[in-house]
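Each chain, written out:
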Amino acid sequence: MKNFIYILLLGLFIYSCGSSRNRNLGDSQINEDTVRIANDSLEYEIIIIEPGFNLFINSIAKPEGYYSQQYLENKNRILVSDYNQRVRQPQVYNSDLYLQEINYDPNIDYGYEVNYLLYNYFVFFSRHYNQRFSVPTRI
């Protein structure tokens with residue numbers, strides 16, 4: 001009887017370990033940490049896939065409307081330039097952090113939402129990866 005209980009418990013343990021194979025645990029995390037912004041008339045699209053960015057926007061970042069669009073555009077112009085210079089220097093800066101250049105044209109009016117999310121991405125990036133740019137990124 002004692003051996004039967006041990007075998008039953010061992011069987012339940014093995015069964016419970018194997019039952020989690022078919023669940024997609026990572027898909028919900030990827031969808032929650034993806035921010036997509038698109039405008040068909042200007043033919044641009046921004047996709048930010050960064051774990052924790054959505055939480056940052058919803059809990060730590062200043063709310064939309066806190067900064068003016070001109071303020072965000074001025075900051076983004078400098079931050080994008082700094083970021084792109086680091087992408088071009090993989091021997092100096094971590095190429096795992098600076099993957100590809102950001103195509104940001106200061107002569108195009110991207111609107112408030114794009115500038116707001118881009119600036120907050122730089123704030124998140126500098127805080128999360130302990131990076132410093134030539135322009136302070138503050139909350």
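Above this text you will find the structure in question.
Since the model is a prediction, treat every value here as computed from it, not as a measurement.

Caption draft 1: The arrangement of the packing of aromatic side chains in detail. Overall, the coordinates contain 19 aromatic pairs when judged by the stated rule. Aromatic pair Phe122 and Phe133: ring centres 5.7 Å apart, planes at 80°, arrangement edge-to-face. Residue Phe122 is found in helix H5 (residues 112–128), and its partner Phe133 is found in the segment after H5; the two are separated by 11 residues along the sequence. Accessibility classification places Phe122 together with Phe133 in one group, the buried group. Here Lys62 stacks its cationic end above the ring of Tyr66, 4.9 Å away from the centre of that ring.

Caption draft 2: Highlighting the side chain of Glu50. Tracing the backbone shows Glu50 in the loop between strand E2 (44–49) and helix H3 (53–59). Side-chain polar atoms of Glu50 contact the side chain of Tyr129, separated by 2.4 Å.

Caption draft 3: Molecular detail of the nonpolar core. Ranked by internal contacts, the top residues of the largest apolar core, which has 29 residues, are Phe53, Tyr83, Tyr98, Tyr116, Phe122, Phe125 and Phe133. By residue number, the principal contributor to this core is H5, which donates 11 residues.

Caption draft 4: Here's a closer look at the layout of surface pockets. Counted as a void, the largest pocket has a volume near 730 Å³. Elements with a minimum of two residues in the lining of the largest pocket: E2 and H5. Sorting elements by how many residues they give to the lining of the largest pocket places E2 first, with 6 residues. Residues of the lining of the largest pocket, tallied by class, amount to 17 nonpolar, 2 polar and 6 charged.

Caption draft 5: Focus on the packing of helix H4 (residues 69–87) against H5. It is the contact of H4 with H5, at a shortest axis distance of 9 Å, that shows an interaxial angle of 50°. As judged from the angle between their axes, H4 and H5 are oblique. Here H4 and H5 pass one another in a crossing that is left-handed. Only Tyr112, Asn115, Tyr116, Leu118, Tyr119, Phe122 and Phe125 of H5 make contact with H4, whose side of the interface consists of Gln69, Tyr71, Leu72, Glu73, Lys75, Asn76, Leu79, Val80 and Tyr83. Looking at the contact of H4 with H5 residue by residue, the class counts come to 11 nonpolar, 3 polar and 2 charged.

Caption draft 6: Fine view of the environment of Val80. The topology assignment puts Val80 in helix H4. Its relative accessible area of 4% is what places Val80 among the buried residues. Residues Val80 and Glu101, 21 residues apart in the sequence, show an inter-C-alpha distance of 8.3 Å.

Caption draft 7: Representation of the pattern of salt bridges. In this structure the tally under the stated criterion is 1 salt bridge. The partner of Glu101 in a salt bridge is Arg88, and the shortest N-O contact between them spans 2.9 Å. Taken together, the residues span a long stretch of sequence, with Glu101 in the loop between H4 and H5 and Arg88 in the loop between H4 and H5 at a distance of 13 residues. Residue classification places Glu101 among the partly exposed positions, given a relative accessible area of 39%.

Definitions and cut-offs
Residues numbered from 1 in each chain as written. Predicted model: local features only at pLDDT ≥ 70, side-chain atom pairs only at ≥ 80, totals over all residues. Heavy atoms only, no water. Phe/Tyr/Trp six-rings, centres within 6.5 Å; stacked < 30°, edge-to-face > 60°. Helix = DSSP H or I, 4+ residues; strand = E, 2+ residues; numbered from the N terminus. Buried < 20%, exposed > 50% of the residue type's maximum accessible area, 1.4 Å probe, protein only. Lys NZ or Arg CZ within 6 Å of the ring centre and 35° of its normal. Polar contact = N/O pair within 3.5 Å; in protein donor to acceptor, adjacent residues only side chain to side chain. Core = buried A, V, L, I, M, F, W, Y, C linked by side-chain atoms within 4.5 Å. 1 Å grid on protein atoms, 1.4 Å probe; cavity = no way out; pocket = protein on both sides within 12 Å on 5 of 7 lines; lining within 4 Å. Points joined across faces, edges and corners; volume = space filled by probe spheres on them. Nonpolar A, V, L, I, M, F, W, Y, C, P; charged D, E, K, R; others polar. Axes fitted to C-alpha atoms, helices over the stretch in contact; angles between N-to-C directions. Parallel < 35°, antiparallel > 145°, perpendicular 65-115°, else oblique. Left-handed = near helix turned anticlockwise from the far one by under 90°. Contact = heavy atoms within 4.5 Å. Salt bridge = Lys/Arg side-chain N within 4 Å of Asp/Glu carboxyl O.

Any functional reading would require information that these geometric values do not contain.
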